[in-house]
Amino acid sequence: MNKLKYILSKRLGFMSLLIFLLWIKTIIAYYLDFSLGVSDPLQHLILIINPIATAVILLSIALYINRSKVSYIVIGVIYILESILLYGNILYYREFSDFLSFNTIAGATKVSKGLGSSATNLIQSHDFIYDLDFIIIAILLLTHYIKIDPRPMRKLTAIATTFLGIFLFSFNLTIAECNRPQLLGRTFDRAYIVKYLGLNTFLAYDSIKTVQNNQVRSEAVGTDMDDVLSYLNQNYAKPNPSYYGKAKGKNIIVIHLESFQQFLINDKVNGQEVTPFLNSLYNDKNTMSFDNFYHEVGQGKTSDAENMLETGLFGLPEGSLFSKLGSDNTFQAAPAILGQKEGYTSAVFHGNIGSFWNRDNVYKNMGYNYFFDSSYFNKTADSSLEYGMKDKLMLSESAKYLEQLQQPFYAKFITVTNHYPFELPDEDNDGFQAPDTGNSAVNNYFLTAHYLDNALKEFFDYLKSSGIYDNSMIVLYGDHYGLSNSQNPDLAPLLGVDANDWTDFNNSQMQKVPFMVHMKGLKGGINHTYGGEIDVLPTLLHLAGINTKQYVELGTDLLSKEHKQIVIFRNKNFITPNYTVLKDSDGNPEVFKNKTGEQIDLDQNPVLKQKVAKWQKYVNDKLKLSDTINNKNLLRFYTPSGFTPVDPKNQSYQNEIQKLVQTRDQLGLKSTSVYSQNNDKSTTDLYNTDAPELNGDRTDIDSWSSILKDTNDSSK
Ligand code: GP9
Ligand code: MN
């Protein structure tokens, strides 16, 4: 005991005590107050060790101070600041399910306003734990159990301590990157940075990014928009009159097909159709199906796809725009445009946590009215896979919310089961025989795609039986590839290509994803137009009867006679109707003929060489323009006429059920929801699913409808 007393009465000993206390209370907060989605033992280990390194580095600062008293005061102040940061995060998380960022701290008054009177409601009974350490330290000091060490510290010891912290941090970062490659490069989710590297690192990382962003933004001026607007004027493609307004006033349902590639359409494996339902939809006379449609995402994958569809601008050359800029950029996005122009109610349904890809912040800035993330779905031990709820469960349970939305609605469903590593539990497979390629990701990809297809059939059946179908335009698209280039040679034989003959051109063909627009009465067919995700927004807005001339959108309507058929990839490669232009490892263009896949020697073909250079300039200019608009946040300087800038502060996704009920009550007889139109009767019993968890029926969602009803009755 005396030995402990002796150690704690040395500066290093006292510092170790503080690190220990800070560590313990951070771990308590991790497990009691944050939901960080820790799944395997390694993740638990990383979570447990992650507060230590930065605590050592920060507290070691005090060791450099010679004067003992000052040193003790400094270490105390750092400790208090760290404790405030931790508790601040706990309170903030309870309200926003997010962590304190540079901007939230800088605008602390705004946050406390946002928290409003609820701030005190956020305090919970177990919070005294977070003050216990102060009591312990006070007692130890007052009873002189710990004495202040008056001797100055050797510089070497201080330096060694800081280095120990840095070493621990490098170790932490290395195992974190092993468990979650590209953790910082792609920044999927703020919660991931906390989970792997801790609150301090998150704040430091966020601060660096914010300062960098602000730097770029501060250089921007309103007149920077002039170039953008004149470019857009030339880029504009006017709508095709035979499609313009064909979906006016209809609900728009967008189904995001995770990792779904075009080659799956009409494909057969072991004599079985992989996606029979999507095939039937693809060939339906009321479906406009595109067979030369490409994904155009960068590192932001799903979030880049969403970004292009919602905003008509590209993602960033590195990282995810959602994560990097989405919290504070100004958007003129689909939900706001549709809401303001045609009175649409907008909603996203997704079975993963809301903070993934920073969606919870981005959607607010885009003007989404509702966001039903995983917290709005019933969860059991096996209802979720790595990236969230299984599609059948997410889609079927969504019905209880969908039927409450005021019509017309713009509703986006983000599926997730067909995501790498494509592992489908046996009980979710209806007997589909996976191929046997020797590569399990390739084999399993067909299983999860088949599962997704089944889930969509159930969803469409519900849309039809509930009548929603008759009044809706349904849009389906694949967000990006599922099988990467390194897996493609294993896939090649299934596509009738010898793995040894597989080329970069073949890889580029694998970037085709489905894009289908289905609506009763729509003149459909297989459309061979070349296009990509950037072109979806103007296409949809024109179908909805909204003039896009004044919006800043870089794609063009796929149905327009003036549509520009150059598909731009985020890495500056591109595809025209006749040629595919890819860069080799030295950055020189490799040109392939689309029809045959054969490579053309540009030196033998100077006319084509010139054309390629011209196209390349067009591609580079467009991407550069998109990056300028996004990085400089230029849309804050430009408001299209008749458009009201979105105010994210008016938006919260915490109480969606109450919001639905309140809106329904306020509107009374004017309520246009499917539920109201069905004489206040739920349609959820029309949803049939064979999801094994539900034994064939969705009685659980009926009970949800009654909750909605109860809230309704009690609010009267
Ligand atoms: C997770 C999902 C996956 O919420 O959208 O994103 P991805 O890994 O495909 O970019
Ligand atoms: Mn995705």
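Draft legend 1. Expanded view of the overall build of the chain. Helix and strand counts for the chain stand at 26 helices and 17 strands. Its C-alpha radius of gyration of 28 Å places the chain within 12% of the 27 Å reference for a compact globule of 716 residues. Across its three principal axes, the chain shows a C-alpha extent of roughly 85 × 75 × 60 Å. Scored against the burial criterion, the 716 residues of the chain give a buried share of 56%.

Draft legend 2. Geometry of the coordination of the manganese ion (ligand 2). In the first shell of the manganese ion (ligand 2), the protein supplies Glu258 (OE), Glu258 (OE), Thr302 (OG1), Asp479 (OD) and His480 (NE2), at 2.0 to 2.5 Å from the metal. Binding-site remark: the manganese ion (ligand 2) is held by donors from one chain whose sequence spacing is E-x43-T-x176-D-H. Of this pair, Glu258 sits in the loop between strand 1 (251-257) and strand 2 (268-269) while His480 sits in the loop between strand 10 (472-478) and helix 20 (488-491), and the two are 222 residues apart along the sequence. Here the two residues Glu258 and His480 agree in accessibility, since each one is buried.

Draft legend 3. Expanded view of the site of ligand 1. Neighbouring ligand 1 are 12 residues, the closest being Thr302, His350, Asn352, Arg359 and His419. Note that an oxygen atom of ligand 1 is positioned 2.9 Å from one of the side-chain N or O atoms of Asn352. At a separation of 2.8 Å, an oxygen atom of ligand 1 approaches a polar side-chain atom of His419. Protein contacts shield 99% of the accessible area of ligand 1, which totals 310 Å² for the unbound molecule.

Draft legend 4. Highlighting the packing of aromatic side chains. The tally for this structure, following the rule as stated, stands at 41 aromatic pairs. Ring centres 5.4 Å apart and planes at 35° place the aromatic pair Phe14 and Tyr72 in the tilted group. One end of the pair, Phe14, is in helix 2 (residues 11-32); the other, Tyr72, is in helix 4 (residues 68-96), with 58 residues separating them in the sequence. Tyr72 shares its class with Phe14; the two are buried. When the centroid spacing of 5.5 Å and the interplanar angle of 85° are considered together, the rings of Phe372 and Tyr376 count as edge-to-face. Classification of Tyr376 as buried rests on a relative accessible area of 9%. Connected via pairs of aromatic rings, a cluster forms that spans Phe349, Tyr370, Phe372, Tyr376, Phe377, Tyr401, Phe413 and Phe459. The positively charged end of Lys195 is found above the aromatic ring belonging to Tyr192, 5.0 Å away from the centroid. Over the ring of Tyr236 we find Lys549; its NZ or CZ atom is 5.1 Å from the centre of that ring.

Draft legend 5. Representation of the confidence of the model for the chain in the model. Summarising the model, the chain shows a mean pLDDT of 93, and 95% of its residues fall at 70 or more. A low-confidence stretch, residues 710-716 stays under pLDDT 50, and its non-local contacts, those more than four residues away or across chains, total five contacts.

Draft legend 6. Layout of the domain arrangement of the chain. The assigned domain composition of the chain is domain 1 (2-217), domain 2 (224-522 + 529-648) and domain 3 (657-715). Look at where the C-alpha atoms of domain 2 and domain 3 centre, and you get two points 30 Å apart. On the side of domain 3, 31 residues touch domain 2, which itself brings 30 residues to the contact. Both sides of the domain 2 and domain 3 interface together cover about 2,700 Å² of buried area, and 54% of this is carbon and sulfur. Taken as a group, Glu403, Gln404 and Gln406 account for 26% of the area that domain 2 buries against domain 3, more than any other trio of residues on that side.

Rules of the game
Residues numbered from 1 in each chain as written. Chains lettered and ligands numbered in written order. Predicted model: local features only at pLDDT ≥ 70, side-chain atom pairs only at ≥ 80, totals over all residues. Heavy atoms only, no water. Helix = DSSP H or I, 4+ residues; strand = E, 2+ residues; numbered from the N terminus. Rg over C-alpha atoms; globule rule 2.2 N^0.38 Å. Buried < 20%, exposed > 50% of the residue type's maximum accessible area, 1.4 Å probe, protein only. Donors = N, O, S within 2.8 Å, 3.2 Å for Na, K, Ca; no water. Near = heavy atom within 4 Å. Polar contact = N/O pair within 3.5 Å; in protein donor to acceptor, adjacent residues only side chain to side chain. Areas by Shrake-Rupley, 256 points an atom, 1.4 Å probe, with all protein chains shown as cover. Phe/Tyr/Trp six-rings, centres within 6.5 Å; stacked < 30°, edge-to-face > 60°. Lys NZ or Arg CZ within 6 Å of the ring centre and 35° of its normal. pLDDT = per-residue confidence, 0-100. Contact = heavy atoms within 4.5 Å. Domains from an automatic or database assignment. Buried area = accessible area lost by both parts, 1.4 Å probe.

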